[in-house]
Amino acid sequence: MRKNIGILISGRGSNMASLIAACSDIDFPAKAAVVISNRPDAAGLDFASKAGIATLALNHRDYEEREDFDAVIDAALEEHNVDIVCLAGFMRLLTPGFVDKWRDRLINIHPSLLPAYPGVNIHDRVLDDGVRITGCTVHFVRAEMDAGPIIAQAAVPVLSTDTVEALSARVLNAEHRVYPLALKLVAEGRARVASERVLIDYDELEPAAMFVPAL
Ligand code: GAR
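Residues numbered from 1 in each chain as written. Predicted model: local features only at pLDDT ≥ 70, side-chain atom pairs only at ≥ 80, totals over all residues. Heavy atoms only, no water.

Novice: Give a detailed account of the pattern of salt bridges, specifying residues and quantitative values.
Specialist: Within this structure, the stated rule accounts for nine salt bridges. In this structure, the salt-bridge partner of Lys 50 is Asp 46, at a minimum N-O distance of 2.9 Å. Taken as a pair, Lys 50 and Asp 46 lie in helix α2 (residues 43–50) at a separation of four residues, close to a single helical turn. Looking at Asp 46, the relative accessible area reads 44%, which means it is partly exposed. For Glu 188, the salt bridge is made with Arg 190, and the minimal N-O distance between the two is 2.7 Å. (Salt bridge = Lys/Arg side-chain N within 4 Å of Asp/Glu carboxyl O. Helix = DSSP H or I, 4+ residues; strand = E, 2+ residues; numbered from the N terminus. Buried < 20%, exposed > 50% of the residue type's maximum accessible area, 1.4 Å probe, protein only.)

Spelled out as structure tokens, the structure:
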């Protein structure tokens, strides 16, 4: 049985598009049920509705309390029978109540090798620090920002000629490969949390797909 996913976005939605593309394969273990944005003008909403997926455009500013905003998201996810929630550039911290309810069914992608470089402006900080290898991470979400058990990561070399634009484009490319792979592992029940670490039942080729540098 394919799992229903809900995708939460705030803007461009390129990771959302990579998940939708993966879900368009009938053999993929998940299908896109709804896309929800906290910004009504998010470009990703248009892409999702053109792909025939239900969308919900919210404005977090309309809600006085974070709990009220999260309750609306939660109700929409339930309405669409969502099994797994994927944050894809969703730039709002979710309340502990929401995170607890969706515990181990709520995943996020972040453009660094967590726990290094949580937060924003990651590629500026990576270049400033002279880091040689960066990458991206898909993890189960906990209440703290960009924290939680790690499902998959991809490594991306930092080149001496890199600008923020060049590096972020290369990391984004790795994000688009690793997020569908991580979702597949979760949807197939092959990524399990034990003592706040993720145990994975691998197919033979998957680890290679995750760690090959994405130049
Ligand atoms: C992506 O790089 C994603 O990893 C990042 O926002 C970007 C969204 O781009 N997320 C975070 O920084 C979460 N802490 P997209 O809208 O094109 O997917």
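Moving on, there is more to tell.
Novice: Tell me about the packing of aromatic side chains, residues and numbers included.
Specialist: Taken as a whole and assessed by the stated rule, the structure comprises two aromatic pairs. Arranged with centres 6.3 Å apart and planes meeting at 35 degrees, the rings of Phe 98 and Trp 102 form a pair that is tilted. On the basis of relative accessibility, which here comes to 5%, the residue Phe 98 falls in the buried class. On the accessibility criterion, Trp 102 (0% relative accessible area) is buried. Here Arg 92 stacks its cationic end above the ring of Phe 69, 6.0 Å away from the centre of that ring. (Phe/Tyr/Trp six-rings, centres within 6.5 Å; stacked < 30°, edge-to-face > 60°. Lys NZ or Arg CZ within 6 Å of the ring centre and 35° of its normal.)

Novice: Tell me about the side chain of His 110, residues and numbers included.
Specialist: Within the secondary structure, His 110 is located in strand β5 (residues 106–110). A polar atom in the side chain of His 110 sits 2.7 Å from the backbone oxygen of Tyr 117. Apart from residues no more than four positions distant in its own chain, His 110 is found in contact with Tyr 117, Pro 118, Gly 119, Ile 122, Cys 136, Thr 137 and Asp 146. (Polar contact = N/O pair within 3.5 Å; in protein donor to acceptor, adjacent residues only side chain to side chain. Contact = heavy atoms within 4.5 Å.)

Novice: Which residues make up helix α1 (residues 14–23), and what are the values?
Specialist: Among the ten residues of α1, nine are classified as buried, and the element is accordingly described as predominantly covered. Taken together, the buried positions of α1 are Ser 14, Asn 15, Met 16, Ala 17, Ser 18, Leu 19, Ile 20, Ala 22 and Cys 23. Turning to α1, the residues buried within the fold contact β1 (3–9), β2 (30–37), α2, β4 (84–87), β5 and α6 (164–187).

Novice: So what's going on with the side chain of Asp 162? Which residues, and what values?
Specialist: You can see Asp 162 is positioned in the loop between β7 (150–157) and α6. Polar side-chain contacts of Asp 162 include one of 2.9 Å to the side chain of Arg 170. In this view, Asp 162 contacts Leu 127, Pro 157, Leu 167 and Arg 170; residues no more than four positions away in its chain are not counted.

Novice: Lay out the site of the ligand in plain terms, naming residues and giving numbers.
Specialist: All residues adjacent to the ligand are Arg 12, Gly 13, Ser 14, Asn 15, Gly 89, Met 91, Ile 109, His 110, Pro 111, Asp 146, Leu 172 and Glu 175. Between a nitrogen atom of the ligand and a side-chain N or O atom of His 110, the distance comes to 3.0 Å. Interatomic distance of 2.8 Å between a side-chain N/O atom of Asp 146 and a nitrogen atom of the ligand. Burial of the ligand by the protein amounts to 88% of the accessible area it has alone, namely 450 Å². Where the shell around the ligand is concerned, the elements lending two or more residues are α1, β5 and α6. The residue makeup of the shell around the ligand, split by class, is four nonpolar, five polar and three charged. (Near = heavy atom within 4 Å. Areas by Shrake-Rupley, 256 points an atom, 1.4 Å probe, with all protein chains shown as cover. Nonpolar A, V, L, I, M, F, W, Y, C, P; charged D, E, K, R; others polar.)

Novice: Which residues make up the nonpolar core, and what are the values?
Specialist: Counting residues in each nonpolar core, the largest one holds 44 residues, and the members touching the most others are Ile 7, Ile 107, Ile 151 and Leu 183. If one sorts the elements of this core by residue count, α6 sits on top with ten residues. Discounting chain neighbours no more than four positions away, the residues touching Ile 107 are Val 85, Cys 86, Leu 87, Val 138, His 139, Phe 140, Val 141, Ile 151, Tyr 179, Leu 183 and Val 186. Core analysis: the next-biggest nonpolar cluster, separate from the first, contains 19 residues, Val 85, Phe 90, Phe 98 and Trp 102 among them. (Core = buried A, V, L, I, M, F, W, Y, C linked by side-chain atoms within 4.5 Å.)

Novice: Just give me the short version of the pairing of strand β3 (residues 54–57), but keep the residues and values in it.
Specialist: Where β2 meets β3, four bridges bridge the pair, whose relative direction is parallel. In the sheet register, Ile 36 faces β3, and the bridge partner there is Leu 56. The parallel pair β2 and β3 is bridged by α2, and the resulting crossover is right-handed. (Pairing = 2+ DSSP bridges. Right-handed = clockwise from strand over helix to strand, strands pointing away.)

Novice: Go over the packing of α1 against α6, please, and point to the residues and values.
Specialist: The interhelical angle for the contact between α1 and α6, taken along N-to-C directions, is 45 degrees, at an axis separation of 9 Å. As summarised for this structure, α1 and α6 are arranged oblique, according to the angle between their axes. α1 and α6 meet at a crossing whose hand is right-handed. Two secondary-structure elements touch here, α1 through Ser 14, Asn 15, Ser 18, Leu 19 and Ala 22 and α6 through Leu 172, Glu 175, His 176, Tyr 179, Pro 180 and Leu 183. When its residues are assigned to classes, the contact of α1 with α6 shows six nonpolar, four polar and one charged. (Axes fitted to C-alpha atoms, helices over the stretch in contact; angles between N-to-C directions. Parallel < 35°, antiparallel > 145°, perpendicular 65-115°, else oblique. Left-handed = near helix turned anticlockwise from the far one by under 90°.)

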